[in-house]
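Observations on the model geometry
Okay, here's what each chain looks like letter by letter:
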There are 2 protein chains.
Amino acid sequence: MSKAKNTSDAAEQAGRYAYEGLDRDLHEKARLGILVALASRADGALFGEIKQLCSLTDGNLNRHLKVLIESGLIEVWKGNENHRSKTLCRISRAGRERFAAYLSELEKVLRDAKAGR
Amino acid sequence: MSKAKNTSDAAEQAGRYAYEGLDRDLHEKARLGILVALASRADGALFGEIKQLCSLTDGNLNRHLKVLIESGLIEVWKGNENHRSKTLCRISRAGRERFAAYLSELEKVLRDAKAGR
């Protein structure tokens, strides 16, 4: 293989494994779990449910919800039931689209990793 | 559905989306890219190649390699070619096993996310 060929291969391959689509807002382990949980619940899920489903503490869940809200991935609704305040979380329409794009990138990672085995 | 049934469902579902297998050492975006790149190269890859494949700066690649070395996921070899020092990186045997386990967890995330769509 000539040097020129090598150089052109390298250029073609540049960024091959950069995975820019693995946006940190969605890729972080706990937030990914929260999004998977919410993606399957069109009506949303209560704070307490998400906490249990994702094995998170109150503090950690609050911290991750803040990131997800600020990046527009989820919506949060406050309500009351029997004089107890409740927090309902739902994936937003934009969040659903960004999550679908993220999942496509994740599939690419898996394809690449399998191709290499 | 009775309250008892609800409670038992919730208990069954606890930790359903915790994804403990998404180990931060491997899950971080840049390190994941480095591992995918190395997984397909039994002979390893040079520092410069990885840098280009993963679109990383020298500083960032060094920082991520340090984490991967310290967690035993990769091995690093120093050498010389035409009086220039070269760094060769290879995924370790243990690293290959941990990476396979990580990929299984990633497949679970994708299955769960698809089930919810």
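Predicted, not measured: the structure shown is a model, and the values here were computed from it. (Residues numbered from 1 in each chain as written. Chains lettered and ligands numbered in written order. Predicted model: local features only at pLDDT ≥ 70, side-chain atom pairs only at ≥ 80, totals over all residues. Heavy atoms only, no water.)

So, on to the relation of the copies chain B and chain A. For the pair chain B and chain A, the superposition axis carries a translation of 0.0 Å, the fit reaches an RMSD of 0.0 Å, and the rotation angle comes to 180°. The two molecules are tied by a two-fold rotation axis, judged by turn and shift. A share of 100% of the interface residues of chain B reappears at the interface of chain A, consistent with the copies meeting face to face through the same patch. (Least-squares fit on C-alpha atoms with pLDDT ≥ 70 in both. Contact = heavy atoms within 4.5 Å.)

Interface size is commonly expressed as the accessible area that is lost once the parts come together. Contact residues are listed per partner, giving 39 residues for chain B and 39 residues for chain A. Carbon and sulfur atoms make up 63% of the surface buried where chain B meets chain A, a total of about 3,300 Å² over both sides. Joining chain B to chain A, the criterion identifies six salt bridges. Joining chain B to chain A, the criterion identifies eleven residue pairs in polar contact (both at pLDDT 80 or more). Of all the elements in the fold, those that place two or more residues in the side of chain B that touches chain A are helix 1 (3–13), helix 2 (24–27), helix 3 (29–39), helix 4 (47–53) and helix 6 (93–116) of chain B. Broken down by element, the side of chain B that touches chain A gets its largest block of residues, twelve residues, from helix 6 of chain B. (Buried area = accessible area lost by both parts, 1.4 Å probe. Salt bridge = Lys/Arg side-chain N within 4 Å of Asp/Glu carboxyl O. Polar contact = N/O pair within 3.5 Å; in protein donor to acceptor, adjacent residues only side chain to side chain. Helix = DSSP H or I, 4+ residues; strand = E, 2+ residues; numbered from the N terminus.)

Another point: helix 5 (residues 58–70) of chain B. Residue and element names in this part refer to chain B. Helix length check: helix 5, at 13 residues, gives a terminal C-alpha distance of 18 Å against a target of 18 Å (1.5 Å per residue), a fit within 8%. Of all the residues in helix 5, the buried ones are Leu-61, His-64, Leu-65 and Leu-68. The buried residues of helix 5 occupy an angular sector of 105° when the element is viewed end-on, so they sit on one face. Turned more than 90 degrees from where helix 5 packs its buried face, Lys-66 and Glu-70 sit exposed. For helix 5, the secondary structure elements touched by its buried residues are helix 2, helix 3, helix 4, strand 2 (74–81) and strand 3 (84–91). Taken from the residues just after helix 5, Gly-72 is the one with a positive phi, measuring 75°. (Expected span 1.5 Å × (residues − 1). Buried < 20%, exposed > 50% of the residue type's maximum accessible area, 1.4 Å probe, protein only. Arc of directions from axis to C-beta.)

It is worth spelling out the pattern of salt bridges at this point. Taken as a whole and judged by the stated rule, the model has 20 salt bridges over all chains. Between A:Arg98 and A:Asp25 there is a salt bridge whose closest N-O contact spans 3.6 Å. Here the residue A:Arg98 occupies a position in helix 6 (residues 93–116), and A:Asp25 occupies one in helix 2 (residues 24–27), the gap between them amounting to 73 residues. On the basis of relative accessibility, which here comes to 24%, the residue A:Asp25 falls in the partly exposed class. Note that B:Asp112 and B:Arg16 form a salt bridge whose closest N and O atoms lie 2.9 Å from each other. Residue B:Asp112 is located in helix 6, and its partner B:Arg16 is located in the loop between helix 1 and helix 2; the two are separated by 96 residues in the primary sequence. Under the relative-accessibility criterion, B:Asp112 is labelled buried at 10%. With relative accessibility at 28%, the residue B:Arg16 sits in the partly exposed group. Members of the salt-bridge network, linked through shared partners, are A:Asp23, A:Asp25 and A:Arg98.

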